[in-house]
Amino acid sequence: MKFIKKSLIRITLACVLLLSITVFTLPVGAVDHSTHYSINPFVGWNGHESHVEWWYSQMGSKNFIGEISYACNSWNNTPTVINMVRVYSKSGSVLRIYSNNWGDNGWYGQHIPYIGYGNINLNEYYSLSYTQWAEVASHEMGHAHGLFHYNCASELMKASGFIGTPNPYTGDIAGINAKY
Ligand SMILES: [Zn+2]
Ligand SMILES: [Zn+2]
């Protein structure tokens with residue numbers, strides 16, 4: 001789930017941290033992001049990871065197919081086994097993506113796992129940029145692939161706020177490769 005409410009606190013915290021780094025430490029060493037992931041052992045594709053058949057249904061007034069496709073391409077371009085494949089029948093899909101206006105309920109997107117498949121909901125109530133919606137979709141796909149949140153500012157799987165791209169980062173990719 002991509003939360004909204006906590007983002008201000010995090011931004012404030014990030015600013016304070018950034019400030020202290022700038023003031024107190026001059027040479028900043030390279031951060032190793034390769035362990036920045038958390039695997040959900042209960043969610044995964046069980047063989048479908050190399051052909052994740054996804055299906056999209058627009059239920060509200062906004063069409064997200066461009067943003068969703070962008071998110072899929074981002075995952076397909078990672079050095080992982082993940083390959084997202086669009087299908088046009090719900091029954092032949094393992095990932096069902098819906099968009100609708102669910103109102104001011106505190107989330108942009110959510111992933112709901114079921115046995116054998118999963119749903120992603122995108123809440124068109126909120127106004128985000130094209131890239132931000134692609135990032136929300138990509139983040140929820142990360143949950144569908146079997147990743148929990150990991151609190152690193154660079155990772156797609158952080159709980160709130162944006163990294164500015166739907167492309168998974170080092171820890172996200174390492175998590176997928178550790179799982180599959
Ligand atoms: Zn999430
Ligand atoms: Zn990281």
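About the thresholds
- Residues numbered from 1 in each chain as written.
- Chains lettered and ligands numbered in written order.
- Predicted model: local features only at pLDDT ≥ 70, side-chain atom pairs only at ≥ 80, totals over all residues.
- Helix = DSSP H or I, 4+ residues; strand = E, 2+ residues; numbered from the N terminus.
- Contact = placed C-beta atoms within 7 Å.
- Core = buried A, V, L, I, M, F, W, Y, C linked by C-beta atoms within 7 Å.
- Buried ≥ 20, exposed ≤ 12 C-beta atoms within 10 Å, placed from the backbone.
- Pairing = 2+ DSSP bridges.
- Axes fitted to C-alpha atoms, helices over the stretch in contact; angles between N-to-C directions.
- Parallel < 35°, antiparallel > 145°, perpendicular 65-115°, else oblique.
- Left-handed = near helix turned anticlockwise from the far one by under 90°.
- Nonpolar A, V, L, I, M, F, W, Y, C, P; charged D, E, K, R; others polar.

A. Representation of the environment of tyrosine 70 in the model. Counting through the fold element by element, tyrosine 70 comes out in helix α2 (residues 65-76). The spacing of tyrosine 70 and asparagine 167 is 97 residues in sequence and 9.2 Å in space, taken between C-alpha atoms. With near-sequence residues (within four places) excluded, tyrosine 70 lies in contact with Ala134 and Pro166.

B. Here's a closer look at the nonpolar core. One finds Val52, Trp54, Ile68, Ala71, Leu95, Ile120 and Ala137 to be the most contacted residues of the largest nonpolar core, which totals 27 residues. Looking at this core element by element, the count peaks at 6 residues for helix α3 (residues 130-145). In terms of nonpolar packing, the next biggest core, distinct from the first, is built from 6 residues, Leu147, Tyr150, Leu156 and Tyr169 among them.

C. Structural detail: unusual backbone geometry. The residue asparagine 46 is not glycine, and still its phi comes out positive at about 50°. Positionally, asparagine 46 belongs in the loop between α1 (7-24) and β1 (52-58).

D. Expanded view of the sheet that holds strand β5 (residues 117-123). An order of β2-β1-β3-β5-β4 is seen for the 5 strands of this open sheet, with the pairing classed as mixed. Since the sheet does not close on itself, it has two edges, and those belong to β2 (84-86) and β4 (109-114), each with one partner. Between one strand and the next, the sheet's axes are offset by a mean angle of 25°, whatever the strand orientation. Direction of pairing for β1 relative to β2: parallel, over a ladder of 3 bridges. Paired with glutamate 53 across the strands is valine 85, a residue of β2.

E. Structural context of the packing of α2 against α3. The geometry of α2 relative to α3 is characterised by a closest axis approach of 8 Å and an angle of 55° between their N-to-C directions. It follows that α2 is oblique to α3 by the angle criterion. By crossing handedness, the relation of α2 to α3 is classed as right-handed. Residues Gly66, Glu67, Ile68, Tyr70, Ala71, Ser74 and Trp75 of α2 lie in contact with α3, whose contacting residues are Tyr130, Trp133, Ala134, Ala137, Ser138 and Met141. Across the contact of α2 with α3, the residue classes break down as 9 nonpolar, 3 polar and 1 charged.

F. Representation of the pairing of β5 within the structure. By the criterion of burial, β5 is predominantly enclosed, with 5 of the 7 residues buried. Across 6 bridges, the pairing between strand β3 (residues 95-100) and β5 is parallel. Bridge pairing in β5 places serine 99 opposite leucine 122. The hairpin turn running from β4 into β5, its antiparallel successor, is 2 residues long, and glycine 116 in that turn takes a positive phi close to 90°.

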